[in-house]
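Architecture at a glance
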Amino acid sequence: MQKQTSKLPPGPPKLPLIGNLHLLSSKSTLLHRRLAELSKKYGRVMMLQLGQVPTIIVSSAEMAKEVMKTHDGVFCNRPELMVAKEVFYDCKDIGLAPYGEYWRQVRKISTLELFTMRRVESFRFIREEETRNFFKAIQKEVGCVVNLSKKFFVLACDVMSRATFGTKGEEQAALRVLTAGVTETCTGFCPADVYPSVKLLQTLSKGKFQKFTKESDRILDPIIADHLCKKKLGKEEEDLIDVLLKHHQDHVQNPDDFSLSTSNIKGVILELLGGGSENSSATLEWAMSELLKNPRVMEKAQAEVRQVYQEKGVVDETKLHELKYLKFVIREALRLHPPVPMLVPRESMERCQIFSYDIPPKTRVVINAWAIARDPEYWHESEKFNPDRFEDNSIDFRGNNFELIPFGAGRRRCPGMTLGIANVELPLATLLYHFDWKLPNGIQHEDLDMDESYGLTMRRKNNLFAIPVPIN
Ligand code: HEM
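This text gives an overview of the structure that appears in the document. What you see is a predicted model, and the numbers here were worked out from it, not measured in a lab. (Residues numbered from 1 in each chain as written. Predicted model: local features only at pLDDT ≥ 70, side-chain atom pairs only at ≥ 80, totals over all residues.)

**Some remarks on the site of the ligand**
Looking at the ligand, there are 26 residues lining it, with Gly-276, Gly-408, Cys-414, Gly-416 and Gly-420 nearest. Mapped by element, the contributors of at least two residues to the shell around the ligand are helix 5 (101–114), helix 13 (262–293) and helix 17 (417–434). Broken down by element, the shell around the ligand gets its largest block of residues, seven residues, from helix 13. Its residues assigned to classes, the shell around the ligand comprises twelve nonpolar, ten polar and four charged. (Near = placed C-beta within 6 Å. Helix = DSSP H or I, 4+ residues; strand = E, 2+ residues; numbered from the N terminus. Nonpolar A, V, L, I, M, F, W, Y, C, P; charged D, E, K, R; others polar.)

**Some points on the pairing of strand 7 (residues 364–367)**
The side chains of a regular strand alternate between the sheet's two faces. The two faces of strand 7 match: Arg-364 and Val-366 on one face and Val-365 and Ile-367 on the other face are all buried. Direction of pairing for strand 2 (residues 53–58) relative to strand 7: parallel, over a ladder of four bridges. Bridging from a neighbouring strand, Thr-55 pairs with Arg-364 of strand 7. (Buried ≥ 20, exposed ≤ 12 C-beta atoms within 10 Å, placed from the backbone. Pairing = 2+ DSSP bridges.)

**Section: the sheet that holds strand 4 (residues 346–347)**
With respect to topology, four strands assemble into an open sheet ordered 1-2-7-4, the strand pairing being mixed. Pairing within the sheet leaves two strands with one partner each, and these edge strands are strand 1 (45–50) and strand 4. Relative to strand 2, strand 1 runs antiparallel, the two sharing six bridges. Residue pairing in the sheet places Leu-48 in a bridge with Thr-55 of strand 2.

**As for the pairing of strand 1**
Burial within strand 1 is extensive, with five of its six residues counted as buried. Hairpin connection of strand 1 to strand 2: two residues between the antiparallel strands, including Gly-51 at a positive phi of 60°.

**Re the packing of helix 8 (residues 148–165) against helix 13**
Packed helix pairs are specified by the crossing angle of their axes together with the interaxial distance, meaning the distance between the axes. Contact pair helix 8 / helix 13: the axes reach a minimum separation of 8 Å and the direction vectors enclose 145°. For the crossing formed where helix 8 meets helix 13, the hand is right-handed. Here Leu-148, Ser-149, Phe-152, Phe-153, Ala-156, Cys-157, Met-160 and Thr-164 of helix 8 lie close against helix 13, whose contacting residues are Ile-269, Leu-272, Leu-273, Gly-276, Ser-277, Ser-280, Ser-281, Leu-284, Glu-285 and Met-288. (Axes fitted to C-alpha atoms, helices over the stretch in contact; angles between N-to-C directions. Left-handed = near helix turned anticlockwise from the far one by under 90°. Contact = placed C-beta atoms within 7 Å.)

The quantities given are spatial measurements derived from coordinates; they are silent on function.
Here you go:
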């Protein structure tokens, strides 16, 4: 009988100790772009050795479907990242938790309780109030240069703080700044994550994260204690901490019962705050940047919003469903600028074959959603911002069309998608309804830079500044 040989995906030649890390070290090219370049040369499923970690990079919709649909059960684990162990209370959040009973239970709570349509709707008054505050702040600066990036971030954080804690305040604000810093380390490409057996790197990373954990404990412990107290008093409105506390018990009587400890709750809260606000504000930032860069699209979107809300005279959530073109604008912004360009890394749990390639167990898997969404094979004039393409194209971002996966797909798909989109639609419609917009310092629309930053969340590298102009 002929001996079967393993056929790994193609990849560049490796150097001793570092493998292919040197190919990714360019300071001028961001990781998702560099990986896209390499995959043009080596293949849409490509094997890289990153330090000690074998990693496959997936850059085509067909391959992404193999990983996240056909073999989702094999690839739905997450690698054990340093940040997850140190910051998210020993991997006890949702997004970085390994596949297993704990993840299944928190994921169930997230889909059945935290992010249902009803829950998202119950936060509507928060979004409307905070968007009104956001609008008033901009109105005061009419004719002046406004830092929209900063305003979007504050708005998203205030909405998420109130949804999570029931309030917003200085401590919550401090926490969101901390969380924003930490998400940069979740990509799986930092030294401690590619050399997991090198103790020195682990110790250095630990030192950095310990400060974070001390601060988040200092802020979160009293907030949780306060919620426990109010729970006993029968508080009426439910925030996300209240929902999580329904499953809380620090010392479980029956070992078969599932329960969230205080540390688990803290891990989940940090993730909701961080992921929720960073990604929603990045989407707003990119959508508005593209509108400023493309005046024809801006005018069309403004005309729609102004026509739909003409009678009402004020933008609220009642008529958002009528803003068909605005939804295309957001979809197109998510296509060109997915806030999580390489999704969250996965890891194979057993040997598996995708197409004709063998993928060994414990291989890290990175899906380059950014590259897939710009692939000219699926997208006509793929680099062009053109929301009209969705007029006769039913591709959406819910995880069924692998050409467009800004929220991922399969078991690990983003459970906060509806909330994330709700956080974007109302502020964007408000900006378009009430103001016309110009770029400062005589910048021509076509010259607006679209440079990206590095991190798990891809934001603009430079803040977005624009001038609101009152409409007659
Ligand atoms: C526009 C906004 C958002 C975008 C683009 C986004 C994107 C993503 C992506 C790409 C993933 C990884 C999916 C994968 O690995 O296949 C993810 C996971 C996740 N997201 Fe979001 N997200 C957004 C908003 C939110 C919000 C508002 C929340 C909650 C408040 C949230 C909570 C989560 C959680 C808990 C996970 C982990 C899921 C798991 O591993 O089981 N996201 N998100």
